Amino acid sequence: MSVASYSYTIQPRKVRQEFVRLFPISLFVVAFGAAFGLAATQKGLLPLEALLMSTAVFAGASQFAATDMWGSEVSVLPLIAVVFAINSRHLLMGASLYPMLKDVAPAKRYGLLLLLTDANWAVSAQDYQNGKRNLEVILGGGLVLWMAWLVGTWLGVYFGGLLQNPKSLGLDMVLGCFLLAMALGGKKSPRVLVAWTVAALASLAAWKWLPPNTHVVVGALAGGVIGYFWLDKKPVSAAAEGEAA
């Protein structure tokens, strides 16, 4: 019976580097964690319950949606459906990282995915597009973002009146600008530009005409279809050209 071997080794030094790399963006996560902590207590959650939710769930949009549906009686199935719809993008994000994740032992692989966020996924995906394998950002970056979310939740639970509406300061645009910068920093080929354009148009159409939160998945699928059918031509090596001759 053969034992599977996994070639990717997580490097502690790189994990620390990625922790520091995403520290600036984590400061804005604190602000939104505070907004969630305040919203949770206003909906009747105890401080410990709000902190436990942030610890175990670690999904900002889903937690806000759950608190909006919170009350003396909670409809579980609709709550599950809404949370799944919001987080369904993680199916695509995880699949895009599979070329790297398949070289990691299963226990570590799924442990890494617990810390997957939009921000550290964008960095890892861009690095992979540029020829570098970087799963350390999922761990190191995910840890600093998770810790920032917990600190923010704690601040919101106990000092929520200090920052009731981060959107009033434009903080809701920070992550969007960060993701856009990651996209613009990647490869710029006709294939990539067409995929991004189709994804953007499909996402806008879904945002206008489809149920809430579906635009993220629709845009990702539309761009993915372009990437699936429009494949990059692999460069032919000199040896292969010689054999063909």
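Residues numbered from 1 in each chain as written. Predicted model: local features only at pLDDT ≥ 70, side-chain atom pairs only at ≥ 80, totals over all residues. Heavy atoms only, no water.

Colleague: Any chance you could explain the overall build of the chain here in plain terms?
Modeller: The secondary structure content of the chain amounts to 14 helices and zero strands. Start at the N end of the chain and walk to the C end: the helices and strands fall as α-α-α-α-α-α-α-α-α-α-α-α-α-α. Buried positions account for 36% of the 245 residues belonging to the chain. In the chain, the proportion of contacts linking residues at least 24 apart, taken out of those at least 6 apart, comes to 78%. Carbon together with sulfur atoms contributes 69% to the accessible area of the chain, which is approximately 14800 Å² in total. (Helix = DSSP H or I, 4+ residues; strand = E, 2+ residues; numbered from the N terminus. Buried < 20%, exposed > 50% of the residue type's maximum accessible area, 1.4 Å probe, protein only. Contact = heavy atoms within 4.5 Å. Areas by Shrake-Rupley, 256 points an atom, 1.4 Å probe, with all protein chains shown as cover.)

Colleague: What should I look at first to understand helix α2 (residues 23-42) in this one?
Modeller: The periodicity of an α-helix, 3.6 residues per turn, causes residues three or four positions apart to be oriented the same way. The terminal C-alpha atoms of α2, which comprises 20 residues, lie 29 Å apart, in line with the 28 Å expected from a rise of 1.5 Å per residue. Among all positions of α2, only Ile-25, Ser-26, Val-30, Ala-31, Gly-33, Ala-34, Ala-35, Phe-36, Gly-37, Leu-38, Ala-39 and Ala-40 are buried. (Expected span 1.5 Å × (residues − 1).)

Colleague: Any chance you could explain the nonpolar core here in plain terms?
Modeller: Counting residues in hydrophobic clusters, the biggest one holds 26 residues, and the most contacted among them are Leu-22, Leu-97, Leu-135, Ile-138 and Leu-145. Those elements giving two or more residues to this core turn out to be α2, α3 (47-56), α7 (98-101), α9 (118-129) and α10 (136-159). Excluding residues that lie within four positions of it along the chain, Ile-138 makes contacts with Leu-97, Leu-112, Leu-115, Leu-116, Asn-120, Trp-121 and Ser-124. (Core = buried A, V, L, I, M, F, W, Y, C linked by side-chain atoms within 4.5 Å.)

Colleague: Even after reading the chapter, I still don't get the UniProt feature "transmembrane region" (unreviewed entry) in the chain, so can you show me in this structure?
Modeller: Look at the UniProt record and you will see "transmembrane region" (unreviewed entry) annotated at residues 20-39, 76-101, 137-157, 169-186, 193-210 and 216-231. Annotated as residues 20-39, this span is 95% helix and 0% strand, and its ends, taken at the C-alpha atoms, are 29 Å apart. Secondary structure across residues 76-101 comprises 92% helix and 0% strand; the distance between its end C-alpha atoms is 32 Å. (UniProt positions renumbered as here; feature names shortened; annotations may be inferred.)

Colleague: What exactly am I supposed to notice about unusual backbone geometry here?
Modeller: As a rule of thumb, non-glycine residues mostly have phi less than zero, and peptide bonds are mostly trans rather than cis. Backbone geometry places Phe-58, a non-glycine residue, at a positive phi of 50°. Along the chain, Phe-58 falls in the loop between α3 and α4 (60-68). A residue is classified by how much of its surface remains accessible, and Phe-58, at 14% relative accessible area, is buried.

Colleague: Is there a simple way to think about the packing of α4 against helix α5 (residues 76-87) in this case?
Modeller: Helices that pack against each other are described as a pair by the angle of their axes relative to one another and the distance between those axes. Between α4 and α5, the least distance of the axes is 9 Å, while the angle of their chain directions is 155°. By the criterion of interaxial angle, the relationship of α4 to α5 is roughly antiparallel. The element α4 and its partner α5 pack so that their crossing is right-handed. Together, Ala-61, Ser-62, Ala-65 and Ala-66 of α4 and Leu-79, Val-82, Val-83, Ile-86 and Asn-87 of α5 make up the contact between the two elements. The residue inventory of the contact of α4 with α5, partitioned by class, reads seven nonpolar, two polar and no charged. (Axes fitted to C-alpha atoms, helices over the stretch in contact; angles between N-to-C directions. Parallel < 35°, antiparallel > 145°, perpendicular 65-115°, else oblique. Left-handed = near helix turned anticlockwise from the far one by under 90°. Nonpolar A, V, L, I, M, F, W, Y, C, P; charged D, E, K, R; others polar.)

Colleague: Even after reading the chapter, I still don't get the side chain of Ser-62, so can you show me in this structure?
Modeller: Relative to the helices and strands, Ser-62 resides in helix α4. With near-sequence residues (within four places) excluded, Ser-62 lies in contact with Val-83, Ile-86 and Asn-87.

Colleague: Would you explain a nonpolar patch on the surface in this entry?
Modeller: A surface patch of nonpolar side chains, amounting to about 280 Å² of accessible area, comprises Phe-23, Leu-27 and Phe-28. Tracing the chain through its elements places Leu-27 in helix α2. (Patch = residues over 30% accessible without salt bridge, like charges linked within 9 Å, V, L, I, M, F, W, Y side chains within 5 Å. Salt bridge = Lys/Arg side-chain N within 4 Å of Asp/Glu carboxyl O.)

Colleague: Would you mind going over the pattern of salt bridges with me for this structure?
Modeller: Between side chains of opposite charge, a pair can form as their charged atoms come close. Applying the stated criterion across every chain yields a total of six salt bridges. In this structure, Lys-102 and Asp-103 form a salt bridge, with 3.6 Å as the shortest nitrogen-oxygen distance. A residue is classified by how much of its surface remains accessible, and Lys-102, at 39% relative accessible area, is partly exposed. You can call Asp-103 buried: its relative accessible area is 15%.

Colleague: Sorry if this is basic, but what is going on with the packing of helix α12 (residues 190-209) against helix α13 (residues 215-229) here?
Modeller: Across the interface, α12 lies against α13 with an axial gap of 7 Å and an inter-helix angle of 150°. With respect to α13, the element α12 is oriented roughly antiparallel. Once α12 is placed against α13, the crossing between them reads as right-handed. The residues of α13 that touch α12, namely those facing Arg-191, Val-194, Ala-195, Val-198, Ala-199, Ala-202, Ser-203, Ala-206 and Trp-207, are His-215, Val-218, Gly-219, Ala-222, Gly-223, Ile-226 and Gly-227. In terms of residue class, the contact of α12 with α13 is built from ten nonpolar, five polar and one charged.

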